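Descriptive structure summary
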Amino acid sequence: MRLRWPMLLVALLGLLIAACARDDGATTVRFWAMGREAEVVAELLRDFEREHPGIRVELQQIPWTAAHEKLLTAFAADGLPDVCQLGNTWIAEFAALDTLEPVQARVDASAVIDEDDYFPGIWATNVVDGELRGVPWYVDTRLLFYRKDLLAEAGIDAPPRTWAQWEQAMAALDRAGPPGRHAILLPVNEFEPPLSLALQTGDPLLREDGGRGNFSGPGFRKALAFYAGIFERGWAPPVSETQISNVWDEFFRGSFAFYLSGPWNIREFRRRQPPELAGAWGTMPLPGPDGPGAGIAGGTSLVLFRSSRNKEAAWQLVEFLSRPEIQQRFHALIGDLPPRRSTWAHPALANDALAHAFRDQLERVRPTPQVLEWERIAQEMRLATERVVRGGQSQDAAVRELDARVDAILEKRRWVRKQEQGG
């Protein structure tokens with residue numbers, strides 16, 4: 001009993017200290033980030049708070065699998081944060097909900113963010129209906145990892161730059177390779193390979209202001225014919241990634257010479273390469289119909305929500321994370337590619353031979369259609385190409401069916417547009 005009062009006094013003192021710490025006059029910025037990026041960015045936020053003693057950042061880490069549903073739930077409950085990491089393909093959806101704060105005026109007034117320093121295709125993913133709704137944070141695209149030694153054995157002395165050269169290289173690899181070897185691995189459960197090829201044709205994937213599919217058009221037909229032809233000629237196995245025991249081991253075993261993938265695999269391949277194959281593999285930009293081709297403008301951006309009461313402080317956080325030197329640190333911590341050209345001048349990137357192809361590819365990335373239904377459409381495209389490759393469906397039937405499915409998905413969009421136009 002004699003210890004009760006001292007213990008109570010200590011507890012009360014602790015509560016008073018905590019209350020004073022919370023009531024220090026600082027502005028709290030709520031920041032939602034996803035996946036591995038959320039874990040890594042915490043280290044950078046400590047420096048931000050030291051530079052801005054009047055601002056506290058409350059970071060919430062959200063798994064990617066739960067992020068979309070959590071954002072929509074927060075929108076319905078008026079509980080969105082001040083700043084958020086938002087996937088580029090989600091920007092059109094949340095812009096349509098009128099939740100995103102336009103930021104062009106802030107960019108124009110910024111001494112940190114320079115629009116001309118960003119890769120144009122990545123910047124364009126943030127422009128919806130003519131309004132800038134976010135600032136690119138990191139970028140993601142796909143290109144080819146390849147075995148230099150296997151190409152040399154097949155008589156190919158330079159990486160292909162066109163579809164025709166790529167076909168010639170795959171044919172040569174097929175002739176030179178032992179039974180069981182394939183020229184390329186293109187997992188049929190991934191939409192990125194056919195999408196990359198389709199973006200290279202220059203023909204839009206949607207028509208009528210994003211209201212209908214354009215997959216029966218000449219551009220997608222050309223891309224589908226090239227993609228399906230790789231499987232028809234036996235240059236790629238018609239398998240999903242889950243049917244490959246270990247992609248990295250199979251690559252170094254020589255089961256395939258080309259593999260279309262993203263920047264995260266630079267670290268993975270380096271970590272897993274056998275010592276005797278160091279320098280025997282590399283990265284190369286995607287070949288296109290007539291020269292180096294376009295690629296996917298993936299990645300995430302930093303957005304402010306209209307409902308935020310701390311927009312000025314939140315914008316300071318966006319500017320901090322957009323600095324080239326901070327982007328370089330972020331890349332060093334996680335390997336995500338920076339969206340600003342000036343960041344790529346840092347020796348860590350400029351001297352990385354495997355990163356050069358990504359730097360080149362980023363100049364030619366193109367955004368996907370900026371409609372809120374895009375992710376559903378991408379999955380329908382994946383299923384359609386898989387039916388051609390694995391199910392034997394004719395290409396004509398596949399594109400007609402795909403357009404019909406996409407038109408049904410976009411029916412509400414057409415209705416809304418019609419109402420807006422007074423009809």
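So, here is what we can say about the structure in this document. Keep in mind it's a predicted model, so treat the numbers as computed, not measured.

1. Observations concerning the pairing of strand β7 (residues 143-147)
In regular strands, side chains alternate between the two faces of the sheet. Taken across its five residues, β7 has five buried, putting it largely inside the fold. With four bridges connecting them, β7 and strand β11 (residues 256-261) associate as antiparallel partners. Residue Tyr146 lies in a different strand from β11, and its bridge partner there is Phe258. Inspection of the sheet shows β7 paired to strand β12 (residues 281-284) by four bridges, in the antiparallel sense. Residue pairing for β12: Tyr146 is matched across the bridge by Gly282.

2. Section: the layout of surface pockets
Empty space among the atoms becomes visible once a probe the size of a water molecule is rolled across them. Estimates place the volume of the largest pocket at around 1000 Å³. Forming the boundary of the largest pocket are 44 residues, of which Tyr138, Asp140, Arg142, Gly298 and Gly299 lie nearest the centre. Listing elements by their share of the lining of the largest pocket, those giving two or more residues are α4 (91-96), β6 (135-140), α9 (192-200), α12 (264-272), β14 (298-304), α14 (324-334) and α17 (374-389). Taken together, the residues that form the lining of the largest pocket break down as 22 nonpolar, twelve polar and ten charged. The space that makes up the second largest pocket amounts to roughly 450 Å³. The wall of the second largest pocket is formed by 17 residues, among which Ala96, Leu372, Glu373, Arg413 and Val416 lie closest to the centre. When residues of the lining of the second largest pocket are traced back to their parent elements, those giving at least two are α4 and α19 (411-420). Considering every element that reaches the lining of the second largest pocket, the biggest residue donor is α19, with five residues. Its residues assigned to classes, the lining of the second largest pocket shows eight nonpolar, one polar and eight charged.

Definitions and limits used
- Residues numbered from 1 in each chain as written.
- Predicted model: local features only at pLDDT ≥ 70, side-chain atom pairs only at ≥ 80, totals over all residues.
- Heavy atoms only, no water.
- Buried < 20%, exposed > 50% of the residue type's maximum accessible area, 1.4 Å probe, protein only.
- Helix = DSSP H or I, 4+ residues; strand = E, 2+ residues; numbered from the N terminus.
- Pairing = 2+ DSSP bridges.
- 1 Å grid on protein atoms, 1.4 Å probe; cavity = no way out; pocket = protein on both sides within 12 Å on 5 of 7 lines; lining within 4 Å.
- Points joined across faces, edges and corners; volume = space filled by probe spheres on them.
- Nonpolar A, V, L, I, M, F, W, Y, C, P; charged D, E, K, R; others polar.

The analysis is restricted to geometry; functional conclusions fall outside its scope.
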